[in-house]
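Read off the chains here:
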Amino acid sequence: MPPLSVDVRRPRFKSVIFDVDSTVCAIEGIDWLAARRDPEIARESEALTAQAMAGDIPIEAVYTRRLERIRPTAGELIALADAYRESVQPGAQELIPALQRAGCQVHLLSGGLRIAIVPIAIQLGVPADRVHAVAVTRDADGTMSLLDGDQPLATQRGKPLTVQRLALPKPTVMIGDGSTDAAVRGVVTEFIAYTGVARRESVVTVADAEADSFAALYPLLFFPASSR
Ligand SMILES: [Mg+2]
């Protein structure tokens, strides 16, 4: 139930962009896949993700390497899609449709693997053409690797670049937990640090606001109910 203090018919933004891993869902997809490999690969992947999300190393330095080490199968990506569904943050299933009913365009913007994210988007009512993530292709041996070609979301500047290209109706807001989300700050009206799963000081510091749950997002995304 939305809080009575807000008017869910009056959104503050025309476009709302959500990060997926550690924002809409509690898991980090790549780390979830790595955890299915030997412990050394899992540890390496987690360390690389943490460094990349804290902004200590650029994502492109680790993206291909993580994927090449893990080499997920198609079946594992289906299992990952289920894991995303099971880890949806409380309240996301209500807030995202409420935004869309109010006339907002909701987009999912992720450095994760698109094929595993589309099912959760559909469940949340977000059309597949508003899911922006990394495309993989199936190799002859049945494992998946990065699709060749223009894949900005596998790079550090990929999120701002993608948002710029989308030219979404303004005002716009980005909601996410990582350094790649904070990098969108310059090309959106507002950036909200989502800290319901992971709280990174370097991200919170540059944010316009912080929300530690989906319930806490309502007053940031809707105008107050008029006090009549
Ligand atoms: Mg994230």
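This section reports on the structure supplied with the text. (Residues numbered from 1 in each chain as written. Predicted model: local features only at pLDDT ≥ 70, side-chain atom pairs only at ≥ 80, totals over all residues.)

### A look at the overall build of the protein chain
Of regular secondary structure, the protein chain possesses ten helices and ten strands. With the principal axes as the frame, the protein chain shows a C-alpha extent of 65 × 30 × 30 Å. Out of the 228 residues belonging to the protein chain, those deemed buried represent 41%. Within the protein chain, contacts between residues separated by at least 24 positions form 62% of all contacts whose residues are at least 6 apart in sequence. (Helix = DSSP H or I, 4+ residues; strand = E, 2+ residues; numbered from the N terminus. Buried ≥ 20, exposed ≤ 12 C-beta atoms within 10 Å, placed from the backbone. Contact = placed C-beta atoms within 7 Å.)

### Things to note about the packing of helix α2 (residues 39-53) against helix α3 (residues 60-70)
The contact between α2 and α3 brings their axes to 11 Å, and the two run at 160°. As summarised for this structure, α2 and α3 are arranged roughly antiparallel, according to the angle between their axes. Between α2 and α3 lies a crossing whose hand is left-handed. Judged by residue contacts, I41, S45, L48 and A52 of α2 engage V62, R66, R69 and I70 from α3. Of the residues contributing to the contact of α2 with α3, the split by class is five nonpolar, one polar and two charged. (Axes fitted to C-alpha atoms, helices over the stretch in contact; angles between N-to-C directions. Parallel < 35°, antiparallel > 145°, perpendicular 65-115°, else oblique. Left-handed = near helix turned anticlockwise from the far one by under 90°. Nonpolar A, V, L, I, M, F, W, Y, C, P; charged D, E, K, R; others polar.)

### Some words on the nonpolar core
When a protein is soluble and globular, its nonpolar side chains tend to lie buried together. Residues V16 and I117 are the most contacted members of the largest nonpolar core, which totals 63 residues. Apart from residues no more than four positions distant in its own chain, I117 is found in contact with V20, Y84, L108, S110, G112, V131 and A133. (Core = buried A, V, L, I, M, F, W, Y, C linked by C-beta atoms within 7 Å.)

### Digging into the pairing of strand β8 (residues 190-194)
On a regular strand, one side chain projects to one face of the sheet and the next to the other, so that they alternate. Of all five residues in β8, four are buried; the element is thus mostly enclosed. Two strands pair when backbone bridges link them, and strand β7 (residues 172-176) and β8 are joined in this way by four bridges, in the parallel orientation. Opposite G176, over in β8, you have A193 as the bridge partner. With three bridges joining them, β8 and strand β9 (residues 209-211) adopt parallel strand pairing. Bridging from a neighbouring strand, I192 pairs with A209 of β9. The handedness of the β8 to β9 crossover, carried by helix α9 (residues 201-206), is right-handed. (Pairing = 2+ DSSP bridges. Right-handed = clockwise from strand over helix to strand, strands pointing away.)

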